[in-house]
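# Structural characterization, general
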Amino acid sequence: MPEPTSASQAASPTGIAPQRGALVSAALLGAATLLVKVASLAKDWLVARQLGAGDELDAYLVAFLLPSYAVVVLAHSVAPAMMPSYVRLWRQQGLAAAQRLAGGVLAGVLALLAVVTVLLLVVTPLVLPLVEIGFDPAKTALTQRLFYPLSAVILASGLSATLAAVLNAHERFAATALAPIAVPLGTLAVFALYQEPYGVDALAAGTVVGFVVELLILTTVVAWHGLLPLPRMRSSDGGLGHVSSQYAHVAFGALLMSSSLVVDQSMAAGLGSGQISILTFGGKVVAVVLSVGAASLTTVLFPRFAHLIASARFDELRATLRWYVRLIFAVSIPGVVLLGLVSEPLVRLLFERGAFTADTTAAVTAVQLCLLPQIPFYVLAMLGARVLSALDGNPIVLRIGAVNLVMNVGGNLLLMQWFGVRGIALSTSLMYVVAAAITMLAIRFKLAEVAGSTPGHAATRKPPSPDGDRPSDAR
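Residues numbered from 1 in each chain as written. Predicted model: local features only at pLDDT ≥ 70, side-chain atom pairs only at ≥ 80, totals over all residues. Heavy atoms only, no water.

## Brief notes about the confidence of the model for the protein chain
In this model, the protein chain carries an average pLDDT of 78, and 80% of its residues clear a pLDDT of 70 or more. Here helix H1 (residues 16-51) stands out as the least confident element of the protein chain, with mean pLDDT 69; helix H9 (residues 200-224) is the most confident, with 91. Within the model, the stretch residues 1-17 combines pLDDT values under 50 with 53 contacts to residues more than four positions away or in other chains. Confidence over residues 457-475 falls short of pLDDT 50; this stretch has 35 contacts with residues more than four positions distant or in other chains. (pLDDT = per-residue confidence, 0-100. Helix = DSSP H or I, 4+ residues; strand = E, 2+ residues; numbered from the N terminus. Contact = heavy atoms within 4.5 Å.)

Quick look at the structure:
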């Protein structure tokens, strides 16, 4: 069975050679993410072909809205809250202590998501009518019926997120990148086999099957590497209270950031028929670029930041961060320019057919051009947020999220008066410019604070060993 290892860390982060491993990992992770996106697209094509834009698909999308929102807020907040403490315990007290912490987190996530799922099941007859305005009684009944099986996604996704955080802490990125492909493929398989007799119910069942298969894959991989934590809830487990506090800040910050999307769509709806669709289509290409680029890079670098901080190598962390800031701008600015030049033909190639006319292409292209400038600043803000999380600065991330939401609403109100739906897109780009600047400034102050309060910080510590300064129990 493979031995768990820590991040391989170089003594000097200022050149391309020491960062080559991280860049290769990010590239492979990006390729895997792109593969998952292609599988999702295949699933969407089949669903559109079989169900069209009718009442059944509307009911499914609304029924899946609450579970998916809970996943974004609750499940995706596990890694930023847990990983810094996990790495710190691993380095200072050994892998067994880190595993005990992971077991406590797993038990806490299981309990929290079980309670949230039960509450949603109880209140769904009251909550869904607020979302499904305009549905007739039959469509409302279908939406509520589909919600019940889809609620299982919350629990499965939360457990998967915890296991993925453990794997990422040990830089086992391949499984965490490829396991999500089970969701679209599982949905596709079940829906293709059972759509004829069961209709949209097969789509809901396939979605649940996909998330469960993803959980099984991650469980198997974590067990194979000897890293499977056993759920256990003890108040004496080191760091569990701290992780809980960090988790509350991360989850609330995710709630604020997710609300920005709801705000944008709500304001776009007030601009007239079809404006939400134009805004959504205008963000498709940008969303793929960000998910393949930003998500991959931050996933790979987050555990590396945590290892540097746990070993008090703050000078190395600063140099690493500066190097990646330069890289982000050097790569993304030419990419943004290129995407801007081919924006209209790209939109025409991807979408212009049937009811998607040349006029729609022009409107979507205009929105896409307003969203493209956010790319380098979004990547920088996400990278900075991971550095702050590794520094236990999630309360700062929460405050930045609150500022972002206020800026987004204010920018929308101002710019949409002059530019319509393009103003909403432009407001989003401007928001990330400011967010990136605030995040980098916050890192500077937080690093000074942490380094100043850490005895024997990077300036006085011995340089890392040729073995990469691995924890002794992981050799």
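## Here's the deal with the environment of Gln195
Note on placement: Gln195 falls in helix H8 (residues 182-198). Since its relative accessible area comes to 13%, Gln195 is described here as buried. With eleven residues separating them in the primary sequence, Gln195 and Gly206 have C-alpha atoms 10.0 Å apart. (Buried < 20%, exposed > 50% of the residue type's maximum accessible area, 1.4 Å probe, protein only.)

## Things to note about the nonpolar core
In terms of nonpolar packing, the biggest core is built from 124 residues, with Tyr86, Val105 and Leu146 touching the most fellow members. No other element matches helix H12 (residues 284-310), which puts twelve residues into this core. Sequence-distant contacts of Tyr86, defined by excluding residues within four places in its chain, comprise Leu95, Ala98, Gln99, Leu101, Ala102, Val166, Ala169, His170 and Leu227. Of all hydrophobic cores here, the second largest spans five residues; its members include Leu29, Phe173, Ala177 and Val300. (Core = buried A, V, L, I, M, F, W, Y, C linked by side-chain atoms within 4.5 Å.)

## Structural notes on the packing of aromatic side chains
Evaluated as defined, the whole model comprises six aromatic pairs. Look at Trp323 and Tyr324: their rings are 5.0 Å apart centre to centre, the planes differ by 80°, and that puts the pair in the edge-to-face class. Each member of the pair, Trp323 together with Tyr324, is buried. With 5.0 Å between their ring centres and 70° between their planes, Tyr378 and Tyr432 make a pair best called edge-to-face. Of this pair, Tyr378 sits in helix H16 (residues 374-390) while Tyr432 sits in helix H18 (residues 421-453), and the two are 54 residues apart along the sequence. Of the two residues examined, Tyr378 and Tyr432, each falls in the buried class. Positioned above the aromatic ring of Phe302 is the side chain of Arg386, whose terminal nitrogen or guanidinium carbon lies 5.5 Å from the ring centre. (Phe/Tyr/Trp six-rings, centres within 6.5 Å; stacked < 30°, edge-to-face > 60°. Lys NZ or Arg CZ within 6 Å of the ring centre and 35° of its normal.)

## With respect to the pattern of salt bridges
Counted according to the given criterion, the structure contains six salt bridges. Across the pair Glu316 and Arg313 runs a salt bridge, and its minimum N-O distance is 3.0 Å. Assigned by exposure class, Glu316 and Arg313 land together as buried. Here Glu344 ties to Arg348 by a salt bridge, and the two come within 3.0 Å at their closest N and O atoms. (Salt bridge = Lys/Arg side-chain N within 4 Å of Asp/Glu carboxyl O.)

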